[in-house]
Amino acid sequence: MWTRAELKERAKQNLHKNYWMVVAVTFIVMVASGGLNFGANIPITGGSGSSNHSSVSSWESDEDSGIYDSYDSYDDDEEEVSSTDWGDKSTWLIFGGFAAVFFTIIFAIAMAIAVFVLNPLKVGCLKWYIQNRKENPQFGIVGDGFKYNYLKTVQILFCQMLFNFLWFMLFIIPGIVKAYEYRMIPYIVAENPDITREEAFRMSKEMMMGEKMNAFILDLSFILWNMLTLCCCGIVGFFYVYPYKQLTNVELYVKLKETHLGIRDDADPFGKDDYYSNSGDGYQEV
């Protein structure tokens, strides 16, 4: 059993012992995690053309004759609008088509960057965090996601993204539940780049079984820190809150790994008697 206070205390210790390196790695994680979190509210509004199609009658008074004349401009306005209506519609259709193609291309490029660059980079950062618990790892470890079984890492994390998206498209609440169920997949891949997709998903599901609500409450416990970050224009978040949260999540992973998979948090966390054995390029299942 674990407590939030326990995880956060260990996270603080790991943050203070190697502070500036943790901040630097966290900056990379923020970029990698937020690679697709962009959006632009671009209202495409056609000209309303504030044409007045109401009948306008003007009455002029002739003091001498007392005769009133009526002038109705409705017919003239209607004829003028009908002559330009199709031109306006075709212009906006062409513009809308180009806009749709443009944003489709942008989205495809962003997806490619996220899948082939940002996800492996995030895996390398998580590996650095995990090793930071026991030693002072070299900064170059953040690139390990590109070195060991790169295509398998890309495949597994892409499937995680895809499944999360599909679940959210079908149902919001089950989508949130599934997102928590898949939460440990990047950490598992970071320590075991040789793992298969099926095994990574199975292990994450096993680790999060009965822990989803606890993990959700753990996330909620940072709400005041998040509010402080907003009040300080992100400065506090960058230099403290985000590194603190990332290290707390690493502690959660380590604790769940020990509780549900039997991998002990020893001085050598991957001893030969544990769930994994050290195999040079990664960790393989015993």
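Residues numbered from 1 in each chain as written. Predicted model: local features only at pLDDT ≥ 70, side-chain atom pairs only at ≥ 80, totals over all residues. Heavy atoms only, no water.

**Q** Would you take a moment to explain the overall build of the protein chain for this structure?
**A** A tally of regular secondary structure across the protein chain gives 10 helices and four strands. Each helix (α) and strand (β) of the protein chain, taken in turn from the N terminus, gives the series α-α-β-β-α-α-α-α-α-α-α-α-β-β. When burial is assessed residue by residue, the protein chain has 35% of its 286 residues classed as buried. In the protein chain, of all internal contacts separated by at least 6 residues, the share reaching a separation of at least 24 is 68%. Looking at the protein chain as shown, the accessible area adds up to about 16,800 Å², and 62% of this sits on carbon and sulfur atoms. (Helix = DSSP H or I, 4+ residues; strand = E, 2+ residues; numbered from the N terminus. Buried < 20%, exposed > 50% of the residue type's maximum accessible area, 1.4 Å probe, protein only. Contact = heavy atoms within 4.5 Å. Areas by Shrake-Rupley, 256 points an atom, 1.4 Å probe, with all protein chains shown as cover.)

**Q** Hey, could you run me through the side chain of Asn 249 in this one?
**A** Tracing the chain through its elements places Asn 249 in helix 10 (residues 235-261). Beyond its immediate chain neighbours, meaning those up to four positions away, Asn 249 contacts Arg 183, Tyr 187, Leu 218 and Asp 219.

**Q** I tried to follow helix 2 (residues 19-33) on my own but got confused; where do I start?
**A** In an α-helix, one turn spans 3.6 residues; hence positions three or four apart end up facing the same way. An ideal rise of 1.5 Å per residue puts 21 Å on 15 residues; helix 2 measures up with 21 Å between its terminal C-alpha atoms. Those residues of helix 2 lying buried are Val 22, Val 23, Val 25, Thr 26, Ile 28, Val 29 and Ala 32. (Expected span 1.5 Å × (residues − 1).)

**Q** Looking at this structure, I do not really get the packing of aromatic side chains. What am I missing?
**A** Each aromatic ring pair is characterised by the separation of its centres together with the angle its planes make. One pass over the full model with this rule turns up 16 aromatic pairs. Considering the side-chain rings of Tyr 180 and Phe 216, the 6.2 Å spacing of their centres and the 75° angle between planes classify their relative orientation as edge-to-face. Of this pair, Tyr 180 sits in helix 5 (residues 172-181) while Phe 216 sits in helix 8 (residues 212-220), and the two are 36 residues apart along the sequence. A relative accessible area of 13% means that Tyr 180 is categorised as buried. Taking 5.4 Å as the distance between ring centres and 45° as the angle between the ring planes, the aromatic pair formed by Tyr 240 and Tyr 244 counts as tilted. Taken together, the residues Tyr 240 and Tyr 244, both in helix 10 and four residues apart, mark about one turn of the helix. In this structure Tyr 244 comes out as buried when scored by relative accessible area, which is 2%. An aromatic cluster of three or more residues is present, and its members are Tyr 19, Trp 20, Phe 27, Phe 238 and Phe 239. (Phe/Tyr/Trp six-rings, centres within 6.5 Å; stacked < 30°, edge-to-face > 60°.)

**Q** Sorry, what's going on with the packing of helix 4 (residues 150-170) against helix 5 here?
**A** Two quantities define a packed helix pair, namely the angle between the axes and the distance from one axis to the other. The interhelical angle for the contact between helix 4 and helix 5, taken along N-to-C directions, is 155°, at an axis separation of 6 Å. In terms of orientation, helix 4 and helix 5 fall into the roughly antiparallel class. Between helix 4 and helix 5 lies a crossing whose hand is right-handed. Mapping the contact onto sequence places Asn 164, Trp 167 and Phe 168 in helix 4 and Ile 172, Pro 174, Gly 175, Ile 176, Lys 178 and Ala 179 in helix 5. Across the contact of helix 4 with helix 5, the residue classes break down as six nonpolar, two polar and one charged. (Axes fitted to C-alpha atoms, helices over the stretch in contact; angles between N-to-C directions. Parallel < 35°, antiparallel > 145°, perpendicular 65-115°, else oblique. Left-handed = near helix turned anticlockwise from the far one by under 90°. Nonpolar A, V, L, I, M, F, W, Y, C, P; charged D, E, K, R; others polar.)

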